[in-house]
Amino acid sequence: MTRREFLQLLAAAAAAGLPLESRAALDLSAGAAFYDAIERFGNVSLLHFTDCHAQLLPIHFREPSVNLGVGAAAGKPPHLVGEAFLRHFGIAAGTREAHAFTFLDFANAAKAFGATGGFAHLATLVNKLRGSRPGALLLDGGDTWQGSATALWTKGQDMVDAQKLLGVDVMTAHWEFTLGAARVKEIVERDFAGKVDFVAQNVKTADFGDPVFAPYVIRPVNGVPVAIVGQAFPYTPIANPRYFVSEWTFGIQEQELQKVVDEARSKGAAAVVLLSHNGMDVDLKLASRVTGIDAILGGHTHDGVPSPTIVANRSGKTLVTNAGSNGKFLAVLDLDVRGGKVADFRYRLVPVFASLLPADPGMAALIAKVRAPFAAKLDEPLAVTETLLFRRGNFNGSFDQVILDALRAEKDAPIAFSPGFRWGTTLLPGQAIRREHLMDQTAITYPYTTVSELKGSMIKTILEDVADNLFNPDPYYQQGGDMVRVGGLHYAIDPNAATGERIKRMELAGKPIEADRTYKVAGWAPVSEEAKAAATEPVWELVERYLKREKTIRARPLEAPRVIGMDGNPGSA
């Protein structure tokens, strides 16, 4: 049976109403054929993963049901969800791929198809693909050293060791910088020396504008010189505390990027690839303005996009991709380079199903070793969930709701704010919420909880500012993250409205928010240095108290805003 025939059989089974569990058994019978179908092409191969957020073990991660695009991005990848996503990319409903790429029937599908990712299983897939692709480079798009308890407690060392064992060749960064400039430099200069190239053309010293890291590296692949240019997250000092990188500047640095690409070409690079942590919308605009880049392997927005968008610019075309998050996917870009330029390509974004890939023994042993000192602390149960707990989407997730409820209860505040982070693993109904799961949602280096007295006018200003970061039609003004999660306060939002006019009808307990009235607001993860000096308790301690007292987390409606003007948008299910 060919892979095409197999998928057609699955689609027919789904249409006939065959239960997911039965389809899973049928799918599993395909075994290694799921990965054997990734045929080699060309003479240059690049393997790419990004935004794993320190998840060494297989996990569940629900994709968004709301990922709205505005302006020119409306209705186009990556702003497609659910059935609209499947139709656009030609993926059959009810299949493994449908589960990997969408939120549809997530709890049942997760039980049927199992967990995704895990570095031991990723290592098996990387080794398999490298076996058929001699010289293939493994690229890490960043957000690797943050997102778990062990990464926080070891200052990223567990992930650094895993990267080296996995065989990462080149990486760029974002959340890595929240470990502080000194720690990042220590890893780059000590752990990565002679092994991993850390590239970021847009990170400069604040005094003289000197490069902090190598802007690019040229690596030969089967005799073809390939340039990998690094693009760290451009808004790091805004989205995260400035004091972690006070002596460095960031930014998109479009003109500097053009110079770097031109320089790499002048030094003989036959293919130029941007390893980016811009986010896909930013990359799409960048590709239309900077020439000479053959492909952008992107991250930051956690968009798992099965096929690239081809963007024309003044002297050619650029492939723009985004490779998902949490170790769920491995991108495979095969290039046919002839006469000093790329003649053709093949691209696949491959889901990493732990049930279909045996664990690599060496990586499994490393993971067991780094987790052993923390095992008892990680495994302690705090509560049980009766509902699916997830974090992903433009406005709220059910684990975000738990954090909001805990903040309001523990701080005795009528309103709570929680950051619009995109990382955080998913729990299935009936699972125990262990301390590790709580840390998966909160493990950052600035976890302080806050209580503020804010006027109604300031609350609106905050919401408007975040909304502009998310829905500004110019991608270069989108500074990362999703909408701040809000508890207690109800409001409407018009994403298509002008800056400063998107937030409508704010209410608390059924009464309009008054501009001159002061309200008590609880929150966490402040980016100011003043909040650090206050040194309030970390959010995980607060939420842990709440979970232990509640014992059971039951399903409840999410506190999400009423969205205006988005009827029919395929970015909302």
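Residues numbered from 1 in each chain as written. Predicted model: local features only at pLDDT ≥ 70, side-chain atom pairs only at ≥ 80, totals over all residues. Heavy atoms only, no water.

Trainee: So what exactly am I meant to see when it comes to the overall build of the protein here?
Mentor: For the protein, the helix and strand inventory stands at 20 helices and 25 strands. In terms of C-alpha radius of gyration, the protein reaches 23 Å, essentially the compact-globule figure of 25 Å for 573 residues. For the protein, the spread of C-alpha atoms along the three principal axes comes to 70 × 65 × 50 Å. The buried share of the protein, taken over its 573 residues, is 61%. Split by element, the accessible area of the protein, about 21,100 Å² in all, is 53% carbon and sulfur. Of the side-chain charges in the protein, 60 are positive and 63 negative, and the distance between the mean point of each set is 2 Å. (Helix = DSSP H or I, 4+ residues; strand = E, 2+ residues; numbered from the N terminus. Rg over C-alpha atoms; globule rule 2.2 N^0.38 Å. Buried < 20%, exposed > 50% of the residue type's maximum accessible area, 1.4 Å probe, protein only. Areas by Shrake-Rupley, 256 points an atom, 1.4 Å probe, with all protein chains shown as cover. Lys, Arg positive; Asp, Glu negative; His and termini not counted. Charge placed at Lys NZ, Arg CZ, Asp CG, Glu CD.)

Trainee: Looking at this structure, how should I read the environment of K185?
Mentor: Here K185 shows up in helix α10 (residues 181-191). When its relative accessible area of 26% is taken as the criterion, K185 is described as partly exposed. With 140 residues separating them in the primary sequence, K185 and S325 have C-alpha atoms 25 Å apart. Apart from the residues lying within four places of it in its own chain, the contact partners of K185 are V212, F213 and W248. (Contact = heavy atoms within 4.5 Å.)

Trainee: How should the pairing of strand β23 (residues 518-524) be read in this particular structure?
Mentor: A regular strand places its side chains so that they alternate between the two faces of the sheet. Most of β23 is tucked away: five of the seven residues are buried. With two bridges connecting them, strand β16 (residues 415-418) and β23 associate as parallel partners. Its bridge partner lying in β23, I415 is registered against V521. Pairing analysis gives seven bridges linking strand β18 (residues 449-455) to β23, with the strands arranged antiparallel. Within β23, the position partnered with E453 by the bridge is K520. (Pairing = 2+ DSSP bridges.)

Trainee: Even after reading the chapter, I still don't get the side chain of T442, so can you show me in this structure?
Mentor: With respect to the element layout, T442 can be found in helix α17 (residues 435-442). With residues up to four places along the chain from it excluded, the contact list for T442 reads I403, W423, P447, W524, V539 and W540.

Trainee: Is there a simple way to think about unusual backbone geometry in this case?
Mentor: Note: most peptide bonds trans; most residues except glycine with negative phi. Cis geometry marks the peptide bond from P77 to P78; its omega dihedral reads 10°. By the element assignment, P78 lies in the loop between β1 (44-49) and α4 (82-89). Phi angles above zero are rare outside glycine, and D105 is one such case at about 45°. Within the element layout of this structure, D105 appears in the loop between α5 (96-101) and α6 (106-113). The exposure class of D105 is partly exposed, given its relative accessible area of 46%.

Trainee: What am I meant to see in the pairing of strand β13 (residues 329-338) here?
Mentor: Taking burial as the measure, the 10 residues of β13 include nine buried ones, the bulk of the element. Both β1 and β13 contribute to a ladder of five bridges, which runs antiparallel. Its bridge partner lying in β13, V44 is registered against L335. As defined by bridge partners, β13 adjoins strand β14 (residues 341-351) across 10 bridges and the pair is classed as antiparallel. Bridge assignment links R338 to a residue of β14, and that residue is K341. Linking two consecutive strands that pair antiparallel, namely β13 and β14, is a turn of two residues; a positive phi of about 60° is found at G339 within it.

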